[in-house]
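Summary of the model geometry
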Amino acid sequence: MSALIESKALTKHFKIGRNQIVHAVDDVSLAIEDKEIVGLVGESGSGKSTFGKTLLGLHRKTAGEVYFEGEQLPDIYKPADFQRYAQRIQMIFQDPYSSLNPRMTVGEIIGEGLRLRGDSEGAAIREAVAVWLERVGLERGHMSRYPHEFSGGQRQRVGVARALIMQPKFVVCDEPISALDVSVQAQIVRLLGELKDSLGLTMLFIAHDLSMVRYVSDRIAVMYMGAVVELGPADDVYFEPKHPYTQILIASNPRPDPRSERNRKSVAITGEISSPLNIGSGCRFANRCPHVMEVCRADTPGLILRDCGGSPREVACHLYEPIAGPN
Amino acid sequence: MSMAPSSANDPAVLEVTDLHVEFDTYGGIVKAVRGASFNVRRGKTLAIVGESGCGKSVTVQSVMGLIPMPPGRITKGTALLDGVDIVRRKVIDGKDIRGNRIGMIFQDPMSSLNPTMRIGDQIAETLHVHRGYSKADAFKRAVELLALTNIREAEKRAKQYPFSFSGGMLQRAMIAMAIACEPDLLIADEPSTALDVTIQAQILDLLKELQERNNMAIILITHDLAVVARMADDVVVMYAGEIVEKGSVDDIFYRSAHPYTLGLRAAMPSESRHVESGLQPIEGSPPDTFNPPPGCSYFARCPNAMRLCERNPPPRFEVSPHHYSNCWLHEPGAPKDVDGLYFAEQP
Ligand SMILES: Nc1ncnc2c1ncn2[C@@H]1O[C@H](COP(=O)(O)OP(=O)(O)OP(=O)(O)O)[C@@H](O)[C@H]1O
Ligand SMILES: Nc1ncnc2c1ncn2[C@@H]1O[C@H](COP(=O)(O)OP(=O)(O)OP(=O)(O)O)[C@@H](O)[C@H]1O
Ligand SMILES: [Mg+2]
Ligand SMILES: [Mg+2]
């Protein structure tokens, strides 16, 4: 198998104020195979959206490289590059409202990519738009409406249709179902599965709903403060999380059951919590980690295959011994 | 007097009765809300759930006086805040109720935050305007509020603009703004869609704590049934602009009395290793909002539909005390062999 898209030591820092730097994404290397869906979860503010956008050249990289189909993507995108890649790479944005032009009808918004590509007639574009509206559970008749005339979840689906109508090879889906009720979520998830089978669609699926991510993904990557701390097959990560942060995350996943939720203990976080504005040495989770050891504060654990008992896992944690790789 | 638990009779902060809301659009009139009635009790949480586009946000926007008119119209109904109808007035005792007595967390953070103003200043402004804080005190309090919602290094973050916040950080900034004035009623429209589960849990705990301290009532709109399970006392289930089931949180989860509620529960992802179960979308699509069907709105998708349902709108049946379902299956003569559906115990 070969990677469709791969980041190598991708880093994105934002400068704020005079000498403040936000370490939004630090040294993330991730290879996504052809037709693979990688779920990306992690704390709010941990850099998921920034990673997705930097991967696609929507933010200028601070350092690192991105390869798509073996070819290095440009450091600085020119308009022609966007044109060229838009056919194969798309993004579904986290904030559906500010990413939709309020002065265009939804039909114009969804059809714009096809129009810019310039190989279809107006009538064909309208028909394609109608089909995609229905595929995401909206109505043909919605074409003439403006974004503000939709509900939150309807707008989110407009964003999904706009990206997928291009039949891209790779999509970064940033919280694509977060505003949808469970039934419509199930419908969109089924649609994504069909596209994976029919078009070989490959995806980075950013979401916070772990039970849904597990359904959708082949592998799950867990991010904490700019770094991927665990990576493995979806069910393994979900049922046998290894990194202490992943363990807390999975254990905090609420259940749709009032009796058990009423008895759930609150999860107070104790200790001085570091932030991406203030990255010390050592493991970034050390201050919150229930298993913290001396070494964790001194030495940053790498995301490498480690012996976790059972099958090895890529996990950035000193609790587990590295497995010497073939190289 | 009924023998229902006394809690269900607690005084209501907000009483919404027979609310109807429409919008003029290019294609015709969208009937977004059709006859919604519910109460929100002091110190309690009412959750509103339902399919995307069913009218949840429009319902609470009407209460907040936020429906743009035109193209919107509240054609009928009242919303009494402590007995005063606020659908038609925004000021009580010389004070704007918005931001003051009622706090609102919007579904779209960016639609309510000013992109050209520092986050801390926006929160401070509410405190300055509604609570008379001095500028300096208001900013200090804004920083505290951001820290309460788990924004790290709140002091530095307060000086940033919205574009440099992540989706979940924006959501938390808006929560900080909504609770700044310690409102009597907090309306939270999908407040945790961008939060990971650990931060979500802390935010929900924070809201509960405020609720207990100030006897604050909460209307919580969420599609996340786990959040409903954790937070709600009462639940309203909406479908295509109407309320189809209403009851206590246990009624809705353990004694679902409407086929749509059952369908929602079946769509949840399963937690077992075998992923074949669960995640079943409800087949079909919601009815045309321009021409709602004459009978039950759920007729076309209902696995248990009867002939009667097509043309006749179902009345409201009280299946147990304070637990209501608008479904013909509860008619005494109707078949009762529906898997998983709760029926009133026959005397
Ligand atoms: N344009 C920007 N300018 C400055 N800082 C930014 C910018 N965009 C993001 N950041 C910062 O980068 C960090 C990561 O943000 P990002 O949006 O990637 O998080 P996220 O994991 O997507 O979070 P969420 O789940 O809340 O959406 C945050 O600290 C955020 O404040
Ligand atoms: N300004 C408007 N003009 C026309 N139609 C509107 C307008 N605002 C909302 N609608 C329509 O009213 C209906 C109810 O919308 P509402 O926003 O209340 O849905 P919702 O239940 O909050 O959905 P979601 O879960 O997706 O946020 C939808 O069909 C929507 O398209
Ligand atoms: Mg994000
Ligand atoms: Mg809504």
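Structural notes, computed from the coordinates.

Parameters and conventions
Residues numbered from 1 in each chain as written. Chains lettered and ligands numbered in written order. Predicted model: local features only at pLDDT ≥ 70, side-chain atom pairs only at ≥ 80, totals over all residues. Heavy atoms only, no water. Helix = DSSP H or I, 4+ residues; strand = E, 2+ residues; numbered from the N terminus. Expected span 1.5 Å × (residues − 1). Buried < 20%, exposed > 50% of the residue type's maximum accessible area, 1.4 Å probe, protein only. Contact = heavy atoms within 4.5 Å. Buried area = accessible area lost by both parts, 1.4 Å probe. Salt bridge = Lys/Arg side-chain N within 4 Å of Asp/Glu carboxyl O. Polar contact = N/O pair within 3.5 Å; in protein donor to acceptor, adjacent residues only side chain to side chain. Near = heavy atom within 4 Å. Donors = N, O, S within 2.8 Å, 3.2 Å for Na, K, Ca; no water.

Section: helix 6 (residues 167-179) of chain B
- In a regular helix each residue adds 1.5 Å, so 13 residues correspond to 18 Å; helix 6 of chain B covers 19 Å between its end C-alpha atoms and thus fits that length.
- If you check which residues of helix 6 of chain B are buried, you get G168, M169, L170, Q171, R172, A173, M174, I175, A176, M177, A178 and I179 of chain B.

Remarks on the interface of chain A and chain B
- Each partner contributes to the interface: chain A provides 70 residues, whereas chain B provides 65 residues.
- Each partner contributes to the roughly 5500 Å² buried at the junction of chain A and chain B, and carbon and sulfur atoms together form 54% of this total.
- In this assembly, chain A and chain B are joined by five salt bridges.
- At the surface where chain A touches chain B, the tally comes to 17 residue pairs in polar contact (both at pLDDT 80 or more).
- The set of elements that each furnish at least two residues to the side of chain A that touches chain B consists of strand 2 (20-33), helix 5 (152-164), helix 6 (182-199), helix 7 (210-216), helix 8 (234-239), helix 9 (244-251) and helix 10 (258-262) of chain A.
- In terms of residues, the side of chain A that touches chain B owes the most to one element, helix 6 of chain A, which gives eight residues.

With respect to the side chain of R214 of chain A
- Locating R214 of chain A in the fold gives a position in helix 7.
- A polar atom in the side chain of R214 of chain A sits 3.0 Å from the side chain of D235 of chain A.

A closer look at the site of ligand 1
- Near ligand 1, the surroundings consist of 21 residues, among which G45 and T50 of chain A together with S164, S166 and G168 of chain B are the closest.
- Among the chains of the assembly, those with residues near ligand 1 are chains A and B.
- One nitrogen or oxygen atom from the side chain of S44 of chain A is found 2.7 Å from an oxygen atom belonging to ligand 1.
- A distance of 2.8 Å is found between an oxygen atom of ligand 1 and a backbone nitrogen or oxygen belonging to K48 of chain A.

Quick notes on the coordination of the magnesium ion (ligand 3)
- Coordination sphere of the magnesium ion (ligand 3), protein contribution only: S49 of chain A (OG) and Q94 of chain A (OE1), at 2.0 to 2.2 Å. Residue S49 of chain A is found in helix 1 (residues 48-55), and its partner Q94 of chain A is found in the loop between strand 6 (89-92) and helix 3 (106-117); the two are separated by 45 residues along the sequence.

Function cannot be inferred from these measures alone, as they are strictly geometric.
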